[in-house]
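Given next are the chains, with one letter for each unit.
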Amino acid sequence: TQLLEQSPQFLSIQEGENLTVYCNSSSVFSSLQWYRQEPGEGPVLLVTVVTGGEVKKLKRLTFQFGDARKDSSLHITAAQPGDTGLYLCADNNNAGNMLTFGGGTRLMVKP
Amino acid sequence: KAGVTQTPRYLIKTRGQQVTLSCSPISGHRSVSWYQQTPGQGLQFLFEYFSETQRNKGNFPGRFSGRQFSNSRSEMNVSTLELGDSALYLCASSPGLAGDSGETQYFGPGTRLLVL
């Protein structure tokens, strides 16, 4: 059974600070996805990465996928209150749509 | 295009009762997956339906069941409710191309179930 560990579990920072959150898997990812979930909503997909060493940028968010495809990081530059939420990594590791999620990093950005 | 809708949004039940939750996928999507989200266990996969057939199943007891209709709408049922079933139940839809992994899944807002 694949286990995804995310760190830190909680993060509280001031607006304008930078931060990095991590996701580590007990086995090689098939297809790594990062989601953000806001209170009262379902998770929303931010990015999908497949290739080891891949780096993707989405405005102030930078996603890195480890060469061995077992770890990933999400870096946010100049965080804003709108970035507040639960950040989840997930692997889609089966034919069909069965996502395995990490426990998440709960981020709070204070104005 | 309308997003994934789930009804009801909130539900309170007592132990031993049963509950049915409903999910309407994005128009044209044929795959519907269900997840349970709790503070202790996080987000866990329950099952996936594609073209009215269960395609994948997570590690949950038989009290949790589901079905999908010909219009791709899906329901999940939990019988003999336990306190530990209190959770946010999320459904997600995707086009469901057969054999395709890594599809984007679009989540609904969830149904929050409280079991007393």
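Quick summary incoming for the structure in this document.

To continue, consider the interface of chain A and chain B. Each partner contributes to the interface: chain A provides 19 residues, whereas chain B provides 24 residues. Buried area between chain A and chain B, summed over both chains or domains, comes out near 1600 Å², and the portion from carbon and sulfur atoms is 50%. Linking chain A with chain B are zero salt bridges. For the pair chain A and chain B, the number of links is four residue pairs in polar contact (both at pLDDT 80 or more). The residue inventory of the side of chain A that touches chain B, partitioned by class, reads nine nonpolar, nine polar and one charged.

All names here are of chain B. Throughout the structure, instances matching the rule amount to eight salt bridges over all chains. In this structure, R55 engages E48 in a salt bridge whose closest nitrogen and oxygen atoms are separated by 2.7 Å. By sharing partners, the salt bridges in this structure join R63, E82 and D85 into a single network.

This brings us to the side chain of D85 of chain B. Residue and element names in this part refer to chain B. Take D85: it is sitting in the loop between β8 (74-78) and β9 (87-94). A polar atom in the side chain of D85 sits 2.8 Å from the side chain of R63. A distance of 2.8 Å separates a polar atom in the side chain of D85 from the backbone nitrogen of E82. Discounting residues that sit within four places of it in the chain, D85 has contacts with Q36, R63, F64, V78, T80, L113 and V115.

Okay, the sheet that holds strand β1 (residues 5-7) of chain B next. All names here are of chain B. The sheet built from four strands is open, its strands ordered β1-β3-β8-β7 with antiparallel pairing. At either end of the open sheet lies a strand with only one pairing partner, and these are β1 and β7 (64-68). Taking each pair of neighbouring strands and ignoring which way they run, the sheet shows an average axis angle of 20°. With five bridges joining them, β7 and β8 adopt antiparallel strand pairing. Residue S65 lies in a different strand from β8, and its bridge partner there is N77.

So, on to the state of the cysteines. Residue and element names in this part refer to chain A. All told, the structure shown has two disulfides over all chains when counted by the stated rule. Residue C23 pairs covalently with C89 via a disulfide, S to S 2.0 Å. Residues C23 and C89 share a disulfide whose torsion about the S-S bond is about 75°; that sign makes it right-handed. Of this pair, C23 sits in strand β3 (residues 19-25) while C89 sits in strand β9 (residues 85-92), placing them 66 residues apart in sequence. In this structure C89 comes out as buried when scored by relative accessible area, which is 0%.

Looking along the chain, the bond that leaves S7 of chain A and enters P8 of chain A is cis, with omega of -10°. Following T7 of chain B, the chain continues to P8 of chain B via a peptide bond in cis, the omega torsion being -10°. Along the chain, P8 of chain B turns up in the loop between β1 and β2 (10-13).

Attention now moves to the sheet that holds β3 of chain A. Sheet strands pair by backbone hydrogen bonding; their relative direction is either parallel or antiparallel. Residue and element names in this part refer to chain A. Sheet architecture is open: five strands sit in the order β1-β3-β8-β7-β6, paired in antiparallel fashion. Edge positions in the open sheet fall to β1 (4-7) and β6 (55-58), since each of these has one partner strand only. This sheet shows a mean twist of 15° between the axes of neighbouring strands, independent of strand direction. In this structure, β3 lies alongside strand β8 (residues 71-76), joined through six bridges in antiparallel fashion. Along β8, the bridge assignment pairs Y22 with S73.

About the cut-offs
- Residues numbered from 1 in each chain as written.
- Chains lettered and ligands numbered in written order.
- Predicted model: local features only at pLDDT ≥ 70, side-chain atom pairs only at ≥ 80, totals over all residues.
- Heavy atoms only, no water.
- Contact = heavy atoms within 4.5 Å.
- Buried area = accessible area lost by both parts, 1.4 Å probe.
- Salt bridge = Lys/Arg side-chain N within 4 Å of Asp/Glu carboxyl O.
- Polar contact = N/O pair within 3.5 Å; in protein donor to acceptor, adjacent residues only side chain to side chain.
- Nonpolar A, V, L, I, M, F, W, Y, C, P; charged D, E, K, R; others polar.
- Helix = DSSP H or I, 4+ residues; strand = E, 2+ residues; numbered from the N terminus.
- Pairing = 2+ DSSP bridges.
- Axes fitted to C-alpha atoms, helices over the stretch in contact; angles between N-to-C directions.
- Disulfide = S-S within 2.5 Å.
- Buried < 20%, exposed > 50% of the residue type's maximum accessible area, 1.4 Å probe, protein only.

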